[in-house]
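The lines below spell out each chain.
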Amino acid sequence: MIEVTATLFPYEDRSSPKVLGKIHIINDGTGNQETGNYIVKFFSTMWNLTTKKEVETFDKEVYIKDYPRLEYPIWELVKRCLYSKK
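A brief look at the structure comes next. Within each chain, residue numbers correspond to sequence positions counted from 1 in written order. Owing to the predicted nature of the model, reporting of local features is limited to residues with pLDDT of at least 70; listing and counting of side-chain atom pairs is limited to 80 or more, with chain, interface and lining totals taken over all residues. Calculation of side-chain values draws on the structure's entire complement of heavy atoms; hydrogens and water are dropped beforehand.

Focus: the nonpolar core
- Grouping buried Ala, Val, Leu, Ile, Met, Phe, Trp, Tyr and Cys residues that are joined through side-chain atoms within 4.5 Å yields what is termed a nonpolar core. Only protein chains enter the accessibility calculation, which uses a 1.4 Å probe; a residue whose area is less than 20% of its type maximum is buried, one above 50% is exposed, and one in between is partly exposed. The biggest cluster of nonpolar side chains holds 12 residues, and these are Val4, Ile23, Ile25, Tyr38, Val40, Phe42, Val62, Ile64, Tyr67, Leu77, Val78 and Cys81.
- Among the elements of the structure, β2 (18-27), β3 (35-48), β4 (53-68) and α1 (74-84) are those that each provide at least two residues to this core.
- What makes two residues a contact is simply this: any of their non-hydrogen atoms within 4.5 Å. Every residue in contact with Val40, bar those within four places of it in the chain, is listed here: Ile23, His24, Ile25, Lys60, Glu61, Val62, Ile64 and Cys81. The way it works is that DSSP assigns letters per residue, a run of H or I at least four long becomes a helix, a run of E at least two long becomes a strand, and they are numbered from the N terminus.

The following block contains the structure:
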């Protein structure tokens, strides 16, 4: 699994990071050496005003099929994941 995390560092202070969201990119095992098929899960982190704690919520799941994994860097896969969330 690949995890991509969006983290906010308020005022560039790296001592108090806030996770805004995550993407889990999971190889489903049905591809081959050249192409991969991925289940992609999106999560958001919200602040619960009642409990005063961060809560991770599931947003959406999409599928990336026949991704040419040897032709592109990881950022192309991340881009495709983001575009497929629409």
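Some remarks on unusual backbone geometry
- Positive phi is not limited to glycine here, since Tyr11 has a value of about 55°.
- Checked against the element boundaries, Tyr11 lands in the loop between β1 (2-8) and β2.
- For Tyr11, a relative accessible area of 84% translates into the label exposed.
- Of note, the phi angle at Asp66 is positive, near 60°, even though the residue is not glycine.
- You can call Asp66 partly exposed: its relative accessible area is 44%.

Considering the sheet that holds β3
- Strand order in the open sheet formed by 4 strands is β1-β2-β3-β4, and the pairing between neighbours is antiparallel. The strands lining the two open edges of the sheet, one partner per strand, are β1 and β4. If you compare each strand with its neighbour and ignore which way they point, the axes differ by 15° on average.
- Summarising the sheet, β3 and β4 pair through 13 bridges and their orientation is antiparallel. For Phe42, the partnering residue across the bridge sits in β4 and is Lys60.
- Interaxial angles span 0 to 180 degrees and are taken between N-to-C directions of axes, which are lines fitted to C-alpha atoms, for helices over the stretch in contact. Set on the sheet, α1 makes contact with β1, β2, β3 and β4; between it and β4 the angle comes to about 110°. Pairing between strands is defined by DSSP: at least two bridges between the two strands are required.

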